[in-house]
Amino acid sequence: MPELREGTCASCGAKMLWSTTKSGRSMPLDTEPAATGNILLHPDGTCEVVPSAELEAKRNETPLYLSHFATCPGAASHRKPKE
Ligand SMILES: [Zn+2]
């Protein structure tokens, strides 16, 4: 488990882990992996979004995380309908 900076969501007050994508953008992750996660967290603290075609295989290998943007109850404007 990499050491990541913890943060608190300004919208809902939840704890988050700040990771960085390969392109250098900050990405807040939920603190626990999720069964529906799609983000691979590397040991160096960077993360990458797993392409949907590879999700199933990756989930069998390693825990995947969700972006807090995807789960935040305060981010209603960004919420996508569930199928
Ligand atoms: Zn939030």
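Everything here concerns the structure above.
Residues numbered from 1 in each chain as written. Predicted model: local features only at pLDDT ≥ 70, side-chain atom pairs only at ≥ 80, totals over all residues. Heavy atoms only, no water.

## Looking at the coordination of the zinc ion
Step number 1: Only Cys9 (SG), Cys12 (SG), His68 (NE2) and Cys72 (SG) from the protein coordinate the zinc ion, and they sit 2.0 to 2.4 Å from it.
Step number 2: Taken together, the four donor atoms surrounding the zinc ion define angles of 103 to 113° at the centre, an arrangement classified as tetrahedral.
Step number 3: Mapped onto the sequence, the donors of the zinc ion take the spacing C-x2-C-x55-H-x3-C. Taken together, the residues span a long stretch of sequence, with Cys9 in the loop between strand E1 (5–8) and strand E2 (15–21) and Cys72 in the segment after helix H2 (68–71) at a distance of 63 residues. Here Cys9 matches Cys72 in class, with each residue buried. (Donors = N, O, S within 2.8 Å, 3.2 Å for Na, K, Ca; no water. Tetrahedral: all angles 85-135°; square planar, octahedral: opposite > 155°, others 65-115°. Helix = DSSP H or I, 4+ residues; strand = E, 2+ residues; numbered from the N terminus. Buried < 20%, exposed > 50% of the residue type's maximum accessible area, 1.4 Å probe, protein only.)

## What to know about the side chain of Ser67
Step number 1: With respect to the helices and strands, Ser67 occurs in the loop between helix H1 (55–61) and H2.
Step number 2: At 3.0 Å, the side chain of Ser67 and the backbone nitrogen of Phe69 are in polar contact.
Step number 3: If sequence neighbours within four positions are ignored, Ser67 has contacts with Met27, Pro28, Leu29 and Ile39. (Polar contact = N/O pair within 3.5 Å; in protein donor to acceptor, adjacent residues only side chain to side chain. Contact = heavy atoms within 4.5 Å.)

## Description of the pairing of strand E3 (residues 26–30)
Step number 1: The buried count for E3 comes to four of five residues, which makes it a mostly enclosed element.
Step number 2: Bridge analysis of E2 against E3 gives five bridges, and the strand direction is antiparallel. Bridge pairing in E3 places Met16 opposite Asp30. (Pairing = 2+ DSSP bridges.)

## With respect to the pattern of salt bridges
Step number 1: Counted under the stated rule, the structure contains two salt bridges.
Step number 2: Between Lys22 and Glu48 there is a salt bridge; the shortest N-O distance is 3.6 Å. With Lys22 in the loop between E2 and E3 and Glu48 in strand E5 (residues 46–49), the pair connects residues that are 26 residues apart, well separated along the chain.
Step number 3: Classification of Lys22 as exposed rests on a relative accessible area of 66%.
Step number 4: The salt bridge partner of Lys58 is Glu61, with a shortest N-O separation of 3.7 Å. Within this pair, Lys58 and its partner Glu61 are both found in helix H1, separated by three residues, close to a single helical turn. (Salt bridge = Lys/Arg side-chain N within 4 Å of Asp/Glu carboxyl O.)

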